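# Observations on chain architecture
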Amino acid sequence: SEAGVTIPLVQAVFDLIDWLDTKPTFKDEHIARKLVKARTELDATLAKEFAEPTEEEKEAASPYSYYELLAEEAKRAAKRKAEEEKLAGMTTEQQRKYEEKERKKALRKAQGKMVFKQ
């Protein structure tokens, strides 16, 4: 009794599949060509995006030139050396007070950068 109901349904599904197969947009070759084209385009864009940058691109991306970076480093080294010489000329008590003052200054600076979540 149930076979009489399911047979027409199965036959209708097979007819639908055969009808879809006759449509040119549902051909495997057509779909395969579209997929291959889409994949090659995607591969090309990803290859460009994740390619290793050349030396020229690296230099263009850097906001500072090599000589500017050297000048900055020399400036920091001179500042460190001047502070060391300043500390060397002080007595032990003066050094302790200076270091305490610098520590408090750094704490205030760091505390000003803190962000409180509400």
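Our structure is the block above this text.
Residues numbered from 1 in each chain as written. Predicted model: local features only at pLDDT ≥ 70, side-chain atom pairs only at ≥ 80, totals over all residues. Heavy atoms only, no water.

## Details of the overall build of the protein chain
Tallying secondary structure elements over the protein chain gives 5 helices and 0 strands in all. Out of the 118 residues in the protein chain, the part that is buried amounts to 3%. Of the roughly 11600 Å² that the protein chain leaves accessible, carbon and sulfur atoms contribute 60%. (Helix = DSSP H or I, 4+ residues; strand = E, 2+ residues; numbered from the N terminus. Buried < 20%, exposed > 50% of the residue type's maximum accessible area, 1.4 Å probe, protein only. Areas by Shrake-Rupley, 256 points an atom, 1.4 Å probe, with all protein chains shown as cover.)

## A few points about the pattern of salt bridges
Counted by the stated rule, this structure contains 6 salt bridges. In this structure, Glu 73 and Arg 80 form a salt bridge, with 4.0 Å as the shortest nitrogen-oxygen distance. Overall, the relative accessible area of 39% leaves Glu 73 in the partly exposed class. For Glu 100, the salt bridge is made with Arg 103, and the minimal N-O distance between the two is 2.5 Å. Highlighted residues: Glu 100 and Arg 103, both in helix α5 (residues 92-113), separated by 3 residues, approximately one helical turn. We classify Glu 100 as partly exposed; its relative accessible area is 30%. Shared partners join several salt bridges into a network, and the residues in it are Glu 72, Glu 73, Arg 76 and Arg 80. (Salt bridge = Lys/Arg side-chain N within 4 Å of Asp/Glu carboxyl O.)

## Here we look at a negative patch on the surface
Side chains of Asp 15, Asp 18, Asp 21, Asp 28 and Glu 29 sit close together on the surface and give a patch of like negative charge. A total of 3 residues in the negative patch trace back to one element, the largest contributor, which is helix α1 (residues 3-22). Topologically, Asp 18 is positioned in helix α1. (Patch = residues over 30% accessible without salt bridge, like charges linked within 9 Å, V, L, I, M, F, W, Y side chains within 5 Å. Lys, Arg positive; Asp, Glu negative; His and termini not counted. Charge placed at Lys NZ, Arg CZ, Asp CG, Glu CD.)

## Thoughts on a nonpolar patch on the surface
Where nonpolar side chains cluster on the molecular surface, the patch consists of Leu 9, Val 10, Val 13, Phe 14 and Ile 17 and spans about 460 Å² of accessible area. The residue Val 13 is located in helix α1 in this model. Overall, Val 13 belongs to the partly exposed group, its relative accessible area being 41%.

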